[in-house]
Amino acid sequence: MVQLDEVTTFGLTKNFGDLVAVDHVDLSVPAGTIFGLLGPNGAGKSTTTRLLSTLLRPTDGTAVVSGFDIIESPVQVREITGVLPEEGNHTIYPSLTTYENLEYFAKLYDVPVENIPERIEELLTFMELWERRDDKAGELSTGNRQRLALCRAMLHRPKILLLDEPTSALDPIAAKRVRELILGLSKQYKQTFFINSHNLPEVQRVCDRIAIIDKGKILLQGKTQELRSKLLAKQKFRIRVVGDIEKSSSIAKSMNFVEDVKGEVDSILVTIEDPTENNSTLMQSLLNDGIKIVEFAEEEATLEDLYLEVVKGRDA
Amino acid sequence: MALKVSYVKYGLIGTAAIGPIMVIATVGLFVFTAPSPAELYVLMQMMSPTISPMLGLVAIIPASLIAANALVGEREQNTLEPLLCTPLTDRELLVGKVLSSFIPSIVLLLGSILVSEIATISMFLIAGFQPMLFPDVAGLVLLLTAGPLMILAMNSIMILISGRVARVYEAYQVSGASVMIFILPMILPMLTLDATGGIDIEAVWLSNIITIIIAATLFVVTWALAFSRFNRDRMVSLV
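It should be emphasised that the depicted structure is a prediction, and the values quoted were computed from it without experimental measurement.

Colleague: Help me out: how do you make sense of the overall build of chain B in this one?
Modeller: Regarding its fold elements, chain B presents eight helices and zero strands. What you see in chain B, going N to C, is helices and strands ordered as α-α-α-α-α-α-α-α. The buried share among the 239 residues of chain B stands at 52%. Summed over all atoms, the accessible surface of chain B reaches about 10400 Å², with 73% contributed by carbon and sulfur.

What follows is the structure in structure tokens.
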């Protein structure tokens, strides 16, 4: 018998009338990983999450979540998944207190009654909300409401957490805190995370596996580090200079091994083919033309580069 | 926008109060102006089939409003998705939502009946008459059988509609139209009055039985519809 990953989709498709929101998606997420589904707005990320959480029924294909088929066993899938919907901070009951919000959902998730107080205290303490337990949820800040929504998703100790844009609408500090929480939760509870995001740096910081989706189709998927190395064979360098940036850019552009040049305030960003051979040539040319080089350093390839590379490749 | 809890609470109490106020006003008028006890008892007997169903009607209206708000209200409040992500089955969700609108409605109905009966007996005693029930036994049987069945039927169909519209106000508009269908059988006993205002007590019981049968049929049909048409996918697609 074939051992499936924690989340495996088979030609998962969802149409809304003529619109194909998710188009024959095949994904594989091993247990215990933090998986990021990347894509622009309207790419099909939220629809994929809603399909996996059984909120939507696929038009074609299916998915197996921890051994349960989303079409055949939707109730079992919902029992083992915790969901943070898009704009999760808006999805709590504002007239209930922080504690009551969790108590209500603990009962709906069939958490044994005797375990509910302990479970709520543990989560609220972990999320630093225990002191706010008697406050109306509507009075909490956006960041705290998001944390409360995360607590709600964690209440029944799900094996898989489906988080839809977990840091959207959060200020940078709150977003950082949520990222830290995801990493902390992953470490402490060993759960599998399936995160939707269009925030590339965020995914880069948190996820160990990614897939890129656009117009409902998966463009690529794999381990974050491997994909970065595989796709970004050409390296990017930042050359910080004293003097004329435009002149520096045009010198770089004149080199046939330089693929791309971007001028910034005090530096140029150049993409170079075979940098081991060509870096010294470029450096020499700049020096010969009187450009003073302050720094010549490799830029770490980001997921943004990867994303643009993939989308550019598809459009071509 | 979803209804605020306080608006719902006071709105329901206000609506439910209409029934007992009507009963108390009618009974009070007859008790304190009746020329003789014999005429009073005849008048009360005639009024019972007309006034009693009103207590049922005022309980159906809040039931339809609460039920109309049930799912579309959650959607407007953005709390529908987390609710649908819980392991509740469609049937459990439907029954839960129906009960959440049925319980306050039935409490309002029973409260209205109790207040009406206590007020009637008190007024009869104050005026020095032998007390009687108002609603009478036929009225009570109608209210305690057809009433809950109608409320349940109304609720199940309204919950179904609530899951299929995008805005609370759309649900209210549909509920306004639907409630008429459910009100009609409840006014059947009023038709037992003849042209002279006299009443045939056998016709009252017959009309009660017909009303109960209609209510039971509506209950079965609406629940079958609700169970077969309840659709999570459609609810989420509207989000």
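Here the narrative resumes, following the displayed structure.
Colleague: In this structure, what is going on with the pattern of salt bridges? I would like to understand it.
Modeller: For side chains of opposite charge, pairing can occur when their charged atoms come near one another. Residue and element names in this part refer to chain A. On inspection of all chains with the given rule, the structure shows 14 salt bridges over all chains. With a shortest N-O distance of 2.8 Å, arginine 240 and aspartate 266 are connected by a salt bridge. Here arginine 240 is found in strand β12 (residues 235-242), whereas its partner aspartate 266 is found in the loop between β13 (258-263) and β14 (267-272), with 26 residues between them in sequence. The exposure class of arginine 240 is partly exposed, given its relative accessible area of 25%. Connected through shared salt-bridge partners, Glu128, Arg147, Lys176, Arg177 and Glu180 make up one network.

Colleague: Help me understand a nonpolar patch on the surface in this model?
Modeller: Residues and elements named next belong to chain B. Among the surface-exposed residues, Leu133, Val137, Ile201 and Trp205 lie close enough to one another that they form a single nonpolar patch of about 330 Å² accessible area. Among the structural elements, leucine 133 can be located in the loop between α4 (90-126) and α5 (137-162). A relative accessible area of 34% places leucine 133 in the partly exposed class.

Colleague: Sorry if this is basic, but what is going on with helix α4 (residues 116-126) of chain A here?
Modeller: Count 3.6 residues to each turn of an α-helix, and residues three or four apart come out pointing the same way. Residues and elements named next belong to chain A. Within α4, burial applies to Ile116, Arg119, Ile120, Leu123 and Leu124. Along α4, the residues classed as buried sweep out an arc of 120° about the axis, all on the same side. Elements that come into contact with the buried residues of α4 comprise α3 (98-108) and α5 (142-154). At the exit of α4 stands glutamate 128, carrying a positive phi of roughly 60°.

Colleague: Looking at this structure, I do not really get the environment of glycine 61 of chain A. What am I missing?
Modeller: Residues and elements named next belong to chain A. With respect to the helices and strands, glycine 61 occurs in strand β5 (residues 60-65). Taking relative accessible area as the criterion, glycine 61 reaches 24% and is therefore assigned partly exposed. Taking the C-alpha atoms as reference, glycine 61 lies 9.6 Å from aspartate 23; in sequence the two are 38 residues apart.

Colleague: Explain helix α7 (residues 201-229) of chain B to me, please; I cannot follow it from the model alone.
Modeller: Its 29 residues give α7 of chain B an end-to-end C-alpha distance of 42 Å, which sits within 8% of 42 Å, the value for a rise of 1.5 Å per residue. Looking at the buried side of α7 of chain B, the elements it contacts are α2 (37-76), α4, α5 and α6 (168-183) of chain B.

Colleague: Help me understand the interface of chain A and chain B in this model?
Modeller: For interface size, the figure often reported is the accessible area lost on association. Between chain A and chain B, the contact holds 23 residues from the first and 18 residues from the second. Around 1900 Å² of area is buried between chain A and chain B when both sides are counted, 62% of it from carbon and sulfur atoms. The interface formed by chain A and chain B contains one salt bridge. Residue arginine 50 of chain A pairs with glutamate 81 of chain B through a salt bridge whose shortest N-O separation is 2.9 Å. Inspection of the chain A/chain B interface yields five residue pairs in polar contact (both at pLDDT 80 or more). For the side of chain A that touches chain B, the elements supplying multiple residues, two or more each, are β1 (7-16), α2 (74-80) and α3 of chain A. Of the residues in the side of chain A that touches chain B, the class split is 13 nonpolar, four polar and six charged.

Colleague: Just to check I follow, could you spell out the pairing of strand β9 (residues 192-197) of chain A for this structure?
Modeller: The side chains of a regular strand alternate, first on one face of the sheet and then on the other. Residues and elements named next belong to chain A. With six of six residues buried, β9 lies mostly within the body of the structure. Covered by surrounding structure in β9 are Thr192, Phe194 and Asn196 together with Phe193, Ile195 and Ser197, the residues of both alternating faces. Note that strand β4 (residues 34-38) and β9 share five bridges and pair parallel. Within β9, the position partnered with leucine 38 by the bridge is serine 197. The pairing of strand β8 (residues 160-164) with β9 spans five bridges and is parallel. From the neighbouring strand, leucine 162 faces β9, where its bridge partner is phenylalanine 194.

Colleague: What should I look at first to understand the sheet that holds strand β15 (residues 292-299) of chain A in this one?
Modeller: Pairing between the strands of a sheet is mediated by backbone hydrogen bonds and can be parallel or antiparallel. All names here are of chain A. Taken in spatial order, the four strands line up as β13-β14-β12-β15 in an open sheet, and their pairing is antiparallel. The open sheet terminates on both sides in strands that have one partner only, identified here as β13 and β15. Pairwise comparison of adjacent strand axes, ignoring direction, gives a mean angle of 20° for this sheet. Pairing between β13 and β14: five bridges, direction antiparallel. Bridge pairing links glycine 263 to isoleucine 268 in β14.

Colleague: Hey, could you run me through unusual backbone geometry in this one?
Modeller: Most peptide bonds take the trans form, and the phi angle of most residues other than glycine is negative. A cis amide bond links phenylalanine 134 of chain B to the next residue, proline 135 of chain B, at an omega of 0°. Relative to the assigned elements, proline 135 of chain B resides in the loop between α4 and α5. For aspartate 110 of chain A, which is not glycine, the phi dihedral falls at a positive 60°. Even without a glycine there, the phi angle at lysine 190 of chain A is positive, about 55°. Checked against the element boundaries, lysine 190 of chain A lands in the loop between α6 (172-189) and β9.

Colleague: What should I look at first to understand the sheet that holds β4 of chain A in this one?
Modeller: Residues and elements named next belong to chain A. The mixed open sheet is built from six strands, whose spatial order is β7-β8-β9-β4-β10-β11. On the outer flanks of this sheet lie β7 (81-84) and β11 (217-223), each paired with one strand and no other. Recorded for the sheet is a direction-independent mean angle of 15° between the axes of neighbouring strands. On top of the sheet, α5 reaches β7 and β8; it is set at about 165° to β7, its chief contact.

Colleague: Explain the packing of α5 of chain B against α7 of chain B here, please?
Modeller: To describe two helices that pack against each other, one gives the angle between their axes and the distance between the axes. All names here are of chain B. Taken N-terminus to C-terminus, the directions of α5 and α7 make an angle of 20°; their axes are 8 Å apart at the nearest point. Taken together, the axes of α5 and α7 are roughly parallel relative to one another. The handedness of the crossing between α5 and α7 comes out as left-handed. By residue class, the composition of the contact of α5 with α7 is 21 nonpolar, five polar and one charged.

Colleague: Teacher, can you tell me more about the packing of aromatic side chains here?
Modeller: Here a ring pair, both rings aromatic, is described through the centre-centre distance and the interplanar angle of the planes. Per the stated rule, a full pass over the model turns up eleven aromatic pairs over all chains. Centroid distance tyrosine 169 of chain B to tyrosine 172 of chain B: 6.0 Å. Interplanar angle 80°. Geometry classified as edge-to-face. Within this pair, tyrosine 169 of chain B and its partner tyrosine 172 of chain B are both found in helix α6, separated by three residues, close to a single helical turn. Three or more aromatic residues joined by ring pairs form one cluster here, namely Tyr93, Tyr104 and Phe105 of chain A. When the ring centre of phenylalanine 105 of chain A is taken as origin, the NZ or CZ atom of arginine 152 of chain A, which lies over that ring, is 5.3 Å away. Above the plane of the ring of phenylalanine 227 of chain B lies arginine 91 of chain B, whose end atom (NZ or CZ) is 4.1 Å from the centre.

Here is what the cut-offs are and how they apply
Residues numbered from 1 in each chain as written. Chains lettered and ligands numbered in written order. Predicted model: local features only at pLDDT ≥ 70, side-chain atom pairs only at ≥ 80, totals over all residues. Heavy atoms only, no water. Helix = DSSP H or I, 4+ residues; strand = E, 2+ residues; numbered from the N terminus. Buried < 20%, exposed > 50% of the residue type's maximum accessible area, 1.4 Å probe, protein only. Areas by Shrake-Rupley, 256 points an atom, 1.4 Å probe, with all protein chains shown as cover. Salt bridge = Lys/Arg side-chain N within 4 Å of Asp/Glu carboxyl O. Patch = residues over 30% accessible without salt bridge, like charges linked within 9 Å, V, L, I, M, F, W, Y side chains within 5 Å. Arc of directions from axis to C-beta. Contact = heavy atoms within 4.5 Å. Expected span 1.5 Å × (residues − 1). Buried area = accessible area lost by both parts, 1.4 Å probe. Polar contact = N/O pair within 3.5 Å; in protein donor to acceptor, adjacent residues only side chain to side chain. Nonpolar A, V, L, I, M, F, W, Y, C, P; charged D, E, K, R; others polar. Pairing = 2+ DSSP bridges. Axes fitted to C-alpha atoms, helices over the stretch in contact; angles between N-to-C directions. Parallel < 35°, antiparallel > 145°, perpendicular 65-115°, else oblique. Left-handed = near helix turned anticlockwise from the far one by under 90°. Phe/Tyr/Trp six-rings, centres within 6.5 Å; stacked < 30°, edge-to-face > 60°. Lys NZ or Arg CZ within 6 Å of the ring centre and 35° of its normal.

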